[in-house]
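Spelled out from the first residue to the last, the chains are:
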Amino acid sequence: MTSAWRRRHHRKGYLYVLPALLLFGFMVVYPIVRSFYLSFFDYSILEPDSARFVGIQNYANLVTKTPNHRPLWNTLYFTLVFVPPYVTLSLLLAVMLNAVRKGSVLLRTMIFTPIVVSLAVSSVMWLLFYDAKFGMAQETFKYVAEQIDRVWGLVGGGTLLKAPEAGMLGDPNWAMIAVAIMCFWNGVAMNIILYLVGLQRIPDELYEAARVDGANPWKRFLHITLPLLRPTIYLVVLLSLIGAFKIFGQPFIMTGGGPRDSTLTFVMRLYNLAFRYGKFQLGYASALAYSLAVVIFVATIFLRRLNRPVE
Amino acid sequence: MAVERKTSSVTLWLILFAVGLTNVIPFFWILSGSFKPHYAIHGGKIWPWQSYEVKKVDEEGKPLPLENVAGGPAPREYNTLENYKKVVGQLAGLPTYYFNTFYLAIAGTFLSLFLGSLAAYGFAKFKFAANRFLFMLLILTIMLPAEVTLIGRYELMFQFRLYDRIMGLLIAYVAGSLLLIIFIMRNVFATIPEDLVDAAMIDGASTWQVFWELMIPIGRNGLAACAILTFLGIWNEFLFALTFTSLDKVRTLPVGVFMLQGQFGLFNSGMLFATVLLSFLPIIIVFVLLQRYFVSGLSAGALKQ
């Protein structure tokens with residue numbers, strides 16, 4: 001085959017990548033660039049002509065304007081209460097599921113089912129489940145709290161735990177935790193599946209050898225499973241963290257940010273600024289979106305460093 | 001030793017069964033509640049074995065004063081189909097939401113798979129001048145969350161008259177799904193040996209035939225994984241569907257259910273229970289039937305990431 005033919009052949013590659021790239025450029029690259037540009041303007045879609053260049057003012061507002069602080073803390077709080085149990089309990093469940101030989105299809109179906117229910121439907125479902133008057137979660141909470149208090153009372157203690165009168169979602173101290181529990185229920189299957197894939201790549205011989213050497217299950221987990229699962233753990237932690245930073249739909253549907261702004265998250269603030277407060281502050285909202293991108297970028301770099309194998 | 005292992009695996013199974021049970025209880029609770037009238041739910045009678053006093057209710061579902069009920073002890077009931085009758089009769093929205101969501105998820109998945117694997121083939125098997133550059137451009141965007149495209153896309157929706165159009169959401173979803181598919185499928189296609197491609201070309205196959213008759217069949221596992229991930233992604237999507245639509249006829253199921261909850265959550269919980277049930281039941285049935293393929297597909301996708 002001649003080189004001219006070769007060149008002509010390889011040039012056909014453009015034809016194949018072009019349709020996707022055109023669409024990608026139109027609906028992804030352009031909006032990304034446009035948002036970046038707008039993030040330096042005081043710009044509202046209501047008065048596009050009065051856009052005013054403000055430099056990094058929108059970004060500075062993130063630190064200086066108090067209405068932005070609560071959403072930042074709330075999102076951080078959500079990340080702290082959600083991510084640690086999310087990545088560890090799902091690992092525990094995955095290791096257990098991996099060890100079960102018989103009847104695992106039934107178990108997997110039961111444990112994985114919530115993943116197919118969209119986050120919006122799950123949120124409405126759990127809104128009912130948490131209801132202060134008839135919700136099952138509320139009743140369970142009350143029952144557990146009573147039992148704990150009864151036992152605690154036997155040794156002369158007072159009230160330890162009390163189910164909030166207004167339901168978990170109606171109580172500023174509990175609302176975010178309630179949202180986190182729902183997110184856990186809805187998403188835990190994804191982590192378990194990722195872990196299972198990693199676990200199945202660990203050769204059985206290693207466990208056999210360790211067993212012959214007399215290592216107990218805990219030692220086997222510590223010295224074989226954990227080190228060999230490291231890339232998967234890294235992936236799960238990263239995806240969970242990013243998901244937590246971006247949390248929006250679940251609290252938006254279940255509480256709308258309340259009570260008393262206790263579940264107002266960062267992306268919800270962005271959404272409110274752009275579409276809810278009636279001012280369509282698209283420049284300001286764009287700056288918030290890019291701040292989120294920076295946080296995610298930094299977290300990724302940081303985790304990647306942690307994941308670097310120890311020499 | 002063998003006995004010990006057996007008892008421990010039974011314990012393990014029981015623990016996991018308990019976890020699974022608590023996991024599915026909310027579904028059964030919703031199912032039970034959907035057969036109860038509003039006042040029974042608020043009276044805490046939700047499980048099928050709990051009976052409630054039948055009350056006459058007005059149009060909005062509020063119990064009428066007692067004098068309207070004929071004498072004698074009030075009849076008791078366990079379950080009623082009333083909610084479903086009302087939901088089917090009054091809420092014409094639900095089928096529309098379903099149709100929109102399925103249409104978007106299915107058409108979106110096919111379109112993204114087609115365009116994405118075309119591009120993946122181009123990137124994997126052709127050495128054109130801008131190959132490296134264009135691919136790097138794609139990689140640059142992978143770290144950015146979808147939220148940074150929100151504002152720009154919102155403007156585009158108005159500029160191109162795509163606001164309140166299913167077409168607008170479709171374009172946004174397809175564009176948003178392409179990246180992952182191009183990544184996964186480029187890796188899959190790259191593992192297909194050059195010799196195989198060359199042999200086909202020498203036999204006179206066109207590049208299109210190589211793509212359609214060689215690449216696609218060999219890459220079908222990767223494609224299946226991409227299909228599941230894309231479908232779930234679109235099925236779940238809330239932020240864009242909420243932002244780019246305002247009319248009832250273009251709403252997706254997530255946004256529709258959210259709106260319905262706001263409409264009658266307070267006055268008729270029974271109907272809300274029934275609506276929620278109808279919005280998760282079909283997909284759960286599909287999932288339970290296809291569970292095996294679903295998990296292996298997702299796992300294959302996870303392997304590639």
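Residues numbered from 1 in each chain as written. Chains lettered and ligands numbered in written order. Predicted model: local features only at pLDDT ≥ 70, side-chain atom pairs only at ≥ 80, totals over all residues.

Draft legend 1. Expanded view of the overall build of chain A. A tally of regular secondary structure across chain A gives 14 helices and two strands. Principal-axis analysis of the C-alpha atoms gives chain A an extent of 75 × 65 × 40 Å. For chain A, long-range pairs separated by at least 24 residues make up 68% of all intrachain contacts whose partners lie at least 6 apart in sequence. (Helix = DSSP H or I, 4+ residues; strand = E, 2+ residues; numbered from the N terminus. Contact = placed C-beta atoms within 7 Å.)

Draft legend 2. Inspection of the overall build of chain B at higher detail. Each helix and strand counted, chain B has 14 helices and two strands in total. When each of the 305 residues of chain B is scored for burial, the buried share is 40%. Considering only residue pairs separated by 6 or more positions, chain B has 75% of its internal contacts joining residues 24 or more positions apart. (Buried ≥ 20, exposed ≤ 12 C-beta atoms within 10 Å, placed from the backbone.)

Draft legend 3. Main features of helix α5 (residues 104–112) of chain A. Residues L107, R108, I111 and F112 of chain A constitute the buried set of α5 of chain A. Taken around the axis of α5 of chain A, the buried residues stretch over an arc of 115 degrees, which confines them to a single face. (Arc of directions from axis to C-beta.)

Draft legend 4. View of the packing of helix α2 (residues 13–38) of chain A against helix α7 (residues 166–190) of chain B. Interhelical geometry of α2 of chain A versus α7 of chain B gives an angle of 120 degrees and a closest axis separation of 9 Å. By the criterion of interaxial angle, the relationship of α2 of chain A to α7 of chain B is oblique. Both α2 of chain A and α7 of chain B take part in a crossing whose hand is left-handed. Note on element contacts: α7 of chain B touches α2 of chain A through I171, A172, V174, A175, G176, L178 and I182 of chain B, opposite A20, L23, F24, M27 and V28 of chain A. Among the residues forming the contact of α2 of chain A with α7 of chain B, the class breakdown is 11 nonpolar, one polar and no charged. (Axes fitted to C-alpha atoms, helices over the stretch in contact; angles between N-to-C directions. Parallel < 35°, antiparallel > 145°, perpendicular 65-115°, else oblique. Left-handed = near helix turned anticlockwise from the far one by under 90°. Nonpolar A, V, L, I, M, F, W, Y, C, P; charged D, E, K, R; others polar.)

Draft legend 5. Expanded view of the interface of chain A and chain B. Across the contact, 73 residues belong to chain A and 79 residues belong to chain B. The dominant element in the side of chain A that touches chain B, judged by the number of residues it contributes, is α2 of chain A, at 18 residues. Taken together, the residues that form the side of chain A that touches chain B break down as 57 nonpolar, 10 polar and six charged.

Draft legend 6. Focus on the domain arrangement of chain A. What the domain assignment lists for chain A is domain 1 (1–37) and domain 2 (39–130 + 167–307). Distance from the C-alpha centre of domain 1 of chain A to the C-alpha centre of domain 2 of chain A: 33 Å. (Domains from an automatic or database assignment.)

Draft legend 7. Up close: the packing of helix α4 (residues 93–125) of chain B against α7 of chain B. Residues and elements named next belong to chain B. Viewed as axis vectors pointing N to C, α4 and α7 meet at an angle of 40 degrees, and their least axial separation amounts to 6 Å. Considering the angle they form, α4 stands oblique to α7. As for the relative orientation of α4 and α7, their crossing is right-handed in sense. Taken together, the residues of the contact of α4 with α7 sort by class into 22 nonpolar, six polar and two charged.

Draft legend 8. Representation of the domain arrangement of chain B in the model. Domain boundaries in chain B define domain 1 (2–82) and domain 2 (88–304). Opposite the 11 residues of domain 1 of chain B that make contact, domain 2 of chain B presents eight residues.

Draft legend 9. Expanded view of the nonpolar core. Core analysis: the largest hydrophobic core is formed by 152 residues, its most contacted members being I192 of chain A together with A119, I182 and V276 of chain B. Of the residues forming this core, the biggest block, 16 residues, is contributed by helix α8 (residues 175–200) of chain A. Among all residues touching I192 of chain A, those that are not within four sequence positions of it are S90, L93, A94, L97 and I111 of chain A. (Core = buried A, V, L, I, M, F, W, Y, C linked by C-beta atoms within 7 Å.)

Draft legend 10. Main features of helix α13 (residues 266–276) of chain A. Among the 11 residues that make up α13 of chain A, nine are buried, leaving the element largely enclosed by the rest of the structure. Buried residues of α13 of chain A: F266, V267, M268, R269, L270, Y271, N272, L273 and A274 of chain A, and no others. Those residues of α13 of chain A hidden inside the fold are in contact with α4 (69–99), α12 (249–254) and α14 (282–307) of chain A together with α6 (147–159) of chain B.

Draft legend 11. Quick peek at unusual backbone geometry. Positive phi, normally seen in glycine, also occurs at R260 of chain A, with a value near 50 degrees. Looking at the secondary structure, you find R260 of chain A in the loop between α12 and α13. For D164 of chain B, which is not a glycine, the phi torsion comes out positive at approximately 60 degrees. By the element assignment, D164 of chain B lies in the loop between α6 and α7.

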